Amino acid sequence: MRNFLISLRTQGLLMGRGAQVSWVTRQSRIRLLRRSLCFFLIMIAVLILGIFPLRAEDISVEATVNATTVELGESIQLTLNITGADDVPAVQLPKVDGLETRFAETKTKIFLSGNKMLRSSGLVFTIIPLKTGQFEISALTIPIKGKDYTTKPITITVVNSGNTNSTQLESRGTSSSLQDKIFIVLGTSKKESYIGEPIPMVIKLFINDLNVQSVQYPTFSHDGFTVEDFTEPRRGQQTLGDITYQVMEFRTLLYPTRTGDLSLGPAKLGANILIKNSRRQGIPGEFNNIFSDDLFDNFIGRYETKTIMLESANLGLKILPLPQEGKPADFSGGVGKYNFDMTVSPSEIKVGDPLTVRMRIAGDGNLKAVNMPIIKDSKDFKVYDPKIVEQNGEKVLEQVIIPNHDKITQLPTTNFSFFDPVEKIYRTVTKGPFPLTVLPLAKGEEAKIVGMTSPSMSAEPVVTTPEELGRDIHFIKEAMGRLQKRGFVIYQSGWFVGMSVLAFLVWIGLFLNYEFRKKFTADTRLVRRWQAPRQAKNGLNQAAAFLAQNDVRNFYDTLYKTLQDYFANKCHLPSASITADIVAEHFKNHSRKEEFIDHLKVIFAECELVRFASIDISEEKMKTTLRLAEEIIDFSERNTK
Amino acid sequence: MKRTHHNHCERSQSLWDEPRRGVAISGIKIFIARLLCQLLRFFFVQKGLASLAMGILFFLLPLNTHAADNGALTDFINANSAYREGKYLQAIQGYHNILAAGFESGPVYYNLANAHFKNKELGKAIVNYERANRIMPRDRDLIANYKFALSDVVGRTEYSKNLFERTWTSHNRFYSTNEMILITVLLLIMAAFCHLAGLYWQRQYLRIGTILFALLFVIFVIGLQIKIDLERDAGIVMTAVPARFEPTDKATVYFELPQGQAVKELGKEGDWLKVERPDGKIGWVPAVSIERI
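Residues numbered from 1 in each chain as written. Chains lettered and ligands numbered in written order. Predicted model: local features only at pLDDT ≥ 70, side-chain atom pairs only at ≥ 80, totals over all residues. Heavy atoms only, no water.

**Some details on the overall build of chain A**
Counted only if it meets this: Counting from the N terminus, the helices are the DSSP runs of H or I reaching at least four residues and the strands are the DSSP runs of E reaching at least two. When a residue's accessible area, from a 1.4 Å probe over protein chains only, is under 20% of the maximum for its type it is buried; when over 50% it is exposed; and in between it is partly exposed. Note on contacts: a residue pair qualifies if any of its non-hydrogen atoms lie within 4.5 Å across the two residues. Note on areas: these come from Shrake-Rupley sampling with a 1.4 Å probe, and a residue is covered only by the protein chains present in the view.
Along the backbone of chain A there are 12 helices and 35 strands. Every one of the 641 residues in chain A was classed for burial, and the buried ones make up 37%. For chain A, the proportion of contacts with a sequence separation of at least 24, taken over those separated by at least 6, is 68%. Surface exposure of chain A reaches about 37800 Å², of which carbon and sulfur atoms provide 53%.

**Things to note about helix α8 (residues 524–548) of chain A**
All names here are of chain A. Heads up, the rule is: Here a helix's expected span is defined as the number of its residues, less one, multiplied by 1.5 Å. In this scheme, the bend at a residue equals the angle between the axes fitted to the seven residues that finish there and the seven that begin there.
Here α8 contains 25 residues, and its C-alpha end-to-end distance of 35 Å stays within 8% of the 36 Å for a straight helix at 1.5 Å per residue. At Ala 532, α8 shows its largest bend, some 40 degrees, and a proline, Pro 533, comes one to four positions later. Of all the residues in α8, the buried ones are Val 527, Ala 532, Ala 536, Gly 539, Leu 540, Ala 543, Phe 546 and Leu 547. Looking one or two places after α8, you find Asn 550, whose phi comes out positive at around 60 degrees.

**With respect to the sheet that holds strand β22 (residues 315–320) of chain A**
Residues and elements named next belong to chain A. Heads up, the condition is: Strand pairing is defined by DSSP finding a minimum of two bridges between the two strands. Only the stretch in contact is used when fitting a helix axis, every axis being a line fitted to C-alpha atoms; angles between N-to-C directions are given from 0 to 180 degrees.
Spatial strand order, β12-β22-β19: 3 strands in an open sheet with mixed pairing. Each end of this open sheet is capped by a strand with a single partner; those strands are β12 (192–194) and β19 (260–264). Pairs of neighbouring strands in the sheet enclose a mean axial angle of 35 degrees, with direction left out of account.

**A look at the nonpolar core**
Short version of the rule: Here, the term nonpolar core denotes a set of buried Ala, Val, Leu, Ile, Met, Phe, Trp, Tyr and Cys residues that are joined through side-chain atoms within 4.5 Å.
Met 480 of chain A together with Tyr 83, Tyr 95, Ile 98, Phe 117, Ile 126 and Tyr 129 of chain B are the most contacted members of the largest nonpolar core, which has 41 residues in total. Elements supplying a minimum of two residues to this core: α3 (70–84), α4 (88–100), α5 (106–118), α6 (122–135), α7 (140–151) and β2 (234–237) of chain B. For this core, the element with the most residues is α5 of chain B, which contributes 7 residues. Ignoring any residue separated from it by four or fewer positions in sequence, one finds Ile 126 of chain B in contact with Tyr 146, Ala 149, Leu 150, Val 153, Ile 236 and Gly 260 of chain B. Core analysis: the next-biggest nonpolar cluster, separate from the first, contains 35 residues, Leu 540, Ile 578, Phe 604 and Met 622 of chain A among them.

**A word on unusual backbone geometry**
Residue and element names in this part refer to chain A. Cis peptide bonds are those with omega within 30 degrees of zero, and the linkage from Gly 265 to Pro 266 qualifies with 5 degrees. Between Gly 432 and the following residue, Pro 433, the backbone shows a cis peptide bond with an omega angle of 0 degrees. Structurally, the position occupied by Pro 433 is in the loop between β32 (425–431) and β33 (434–435). Not every positive phi belongs to a glycine, and Asn 550 is a case in point at roughly 60 degrees. With respect to the helices and strands, the residue Asn 550 is situated in the loop between α8 and α9 (552–571).

**Observations concerning the packing of α4 of chain B against α5 of chain B**
All names here are of chain B. Short version of the rule: Small angles under 35 degrees read as roughly parallel and large ones over 145 as roughly antiparallel, with 65 to 115 read as roughly perpendicular and the rest as oblique. Put simply, a crossing is left-handed when the front helix is turned counterclockwise from the back one by less than a right angle, and right-handed when it is turned clockwise. Residue classes follow a fixed rule: Ala, Val, Leu, Ile, Met, Phe, Trp, Tyr, Cys and Pro count as nonpolar, while Asp, Glu, Lys and Arg count as charged, and any other residue, Gly among them, counts as polar.
α5 packs onto α4 with a crossing angle of 155 degrees between their chain directions and a minimal axis gap of 9 Å. Taken together, the axes of α4 and α5 lie roughly antiparallel to each other. Here α4 and α5 pass one another in a crossing that is left-handed. Only Val 108, Tyr 109, Asn 111, Leu 112, Ala 115, His 116 and Lys 118 of α5 make contact with α4, whose side of the interface consists of Tyr 88, Ala 91, Ile 92, Tyr 95, His 96, Ile 98 and Leu 99. When the residues that make up the contact of α4 with α5 are grouped by side-chain class, the tally is 10 nonpolar, 3 polar and 1 charged.

Dropping the structure here:
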């Protein structure tokens, strides 16, 4: 592929503009071309596979029916599925006395199986029973491409209509009201049954010439019955009078839980029906006629959905109690027809080794009501709790038992009793006895059985049961605990609010303190300006001290340095650089600056005179100079920021 | 059912020690508070944090605001004696006297609930166990009795919770409302303290501590909000009653509420209360059939 692309590129066929196209664009085009080629190859492969002739072993033929048992008056759909053949031959169902068959339709679908595209044709036939009985549709032989394919024979049972309220159907098939176009009928297979006996029940939804959607599962009142879940609804046809209805059947099983005359129903079923909307709004006249066309109506869908709730009539059932006569002591509670199997394995074991007993009960009765026969603890066997599982229409028990000694030769018989409602008698199925060979333990060998206290096998097994504890409330409290006002909540107390506010204020204070310090540390100009008056005050105090001691030199040194440091801090300049002119520059915008600068110059001159010329100065003069210095600093503080 | 009693008579001695112990504990608290304040001042005075530390200390060591009332104590002792003798109505009256005086405590509600339970008043027992639970939520006797009483409610509806909801509920039920408020405030203070300390000392662990305490604070605030919201309108059904679609006797019955069922009050219309069952179903019941927790 790469070479192919290079050759294309070399020939200038791949890119029209060659070198003018950027490298990135070139790469993206190569990727696009690769993808296109891959897609092309995949499509070719699919086409080749699609037209590849199917082999003979790919063809299959199967016949299925949507129900094997049907009531007289109902119909069955038989579908003949021919998979893998292109040409489907004409098929004729064999004539069966008592059944009428009609070809209904052909359904075709194409699907992928592995890497093959297969075609499946379904020939659908409608079978209408004409009488009750059991009918067999014999195997069909269909020749396809010179080879015969045979289906399996199908047996259909046609029964009479069961227990339905006769008035439910009497009036149907004659009227054309909505109630006659769609209705439900509740029916059971029998009018009288025994308590616990399974009763097949069907709720049929009849539909004639209506578009019905969103059919819900029916609900019905069933006081005195337990009910299983509905099976998948079955579709078919049924003729009442002159009208053929589409029928949807919801089937389930009922188990009566009490005796007497019980009422079943009414059954309720919700569905949506599409009703053509005859009301038309718009401009009357010619223009409106354009839109009155049925085709246009269908196209734009002038239908409205109406939700309806269908209700059937009630159904009476007589439930009989089980006869007491002949009732076995170990009656399991099962009513119906059951099969009971039991196995024990292994048949040869040592003392203390486990045996597994398996029992299986299957049948058409209510398995939930059946109590499995259980092997009980005895001197011969240590018995563990059984594990009972109900699945796939059967109830299976597995129980582990352990022989306690080597004198055991068999596992005794086990009985399973149930009531057969058809024959109206109790039946007991007995399994066993099961022969066992129990070998003694070797010398020095010990059997390990959970629940046995002694290694001696003749000892009575001790069954460990959980300790039964008493149940009651604990005693009252003796201490009253800390009393508080009723409904007291902590935030209502003064100390709580006070402490909360105090904590908040402390936090605010410390936070502001931190912010202040941070700002103070960062801005040296500000720090010097803030510190200037305090330092000046200290300096003046020191000078006053020297004045009191009449120490002229130190007085003027201190005074000079104080003024210099003060103005240096104020102007954010080095102290040595401070002169009267620089200070004058600092106060240039002030109205009284001339007087202020004159005073400063006088003080600076006097200080320098004393410091460098050593002249005598009176105490009064020094006091005047100190007061002047204080006024200068005061003036500066008042008139500068 | 086999019934057994736990004998707790040995505790009766401690009953008389209660007031003296209360005074002694208060004195010890003050002493410890002063001592710790001095220590904290010694460590934090340089940074000006002594006030904050003192504030925290006061939260940790709240002092008794209500002294044990002698009258209430007498009523409590008399009611306990009546209970021991099986005079449950008399015991109930004694515990009610304490409540009528304006005081309450976890053991008072607990004993009152026990007396109602013994007197076959399941609804009243459950409502008082709930009240006791709000004051002493971790008391094992209370939890056991409450569960036992609930197991006697036939047809009780309970909302099945997922793992998160179960965890959240058990967290909220672990603390009383007052404890949750205190912990929430303390967490806020700790978060603020760590924040300030982090500013002053610039340590990583202090910043992590700030985030941790702040997260816990948020969790507790949400928990507190839910707890208060749930407890505010909770009620217990005193007598089995049908909940109806409308607040009239003629309205259709929606569902049945058994005695002892917990409900939430949603509204009131005359003598009728609009209540919500834990599974979300809402109906109207006569107000007299519900007692607020």
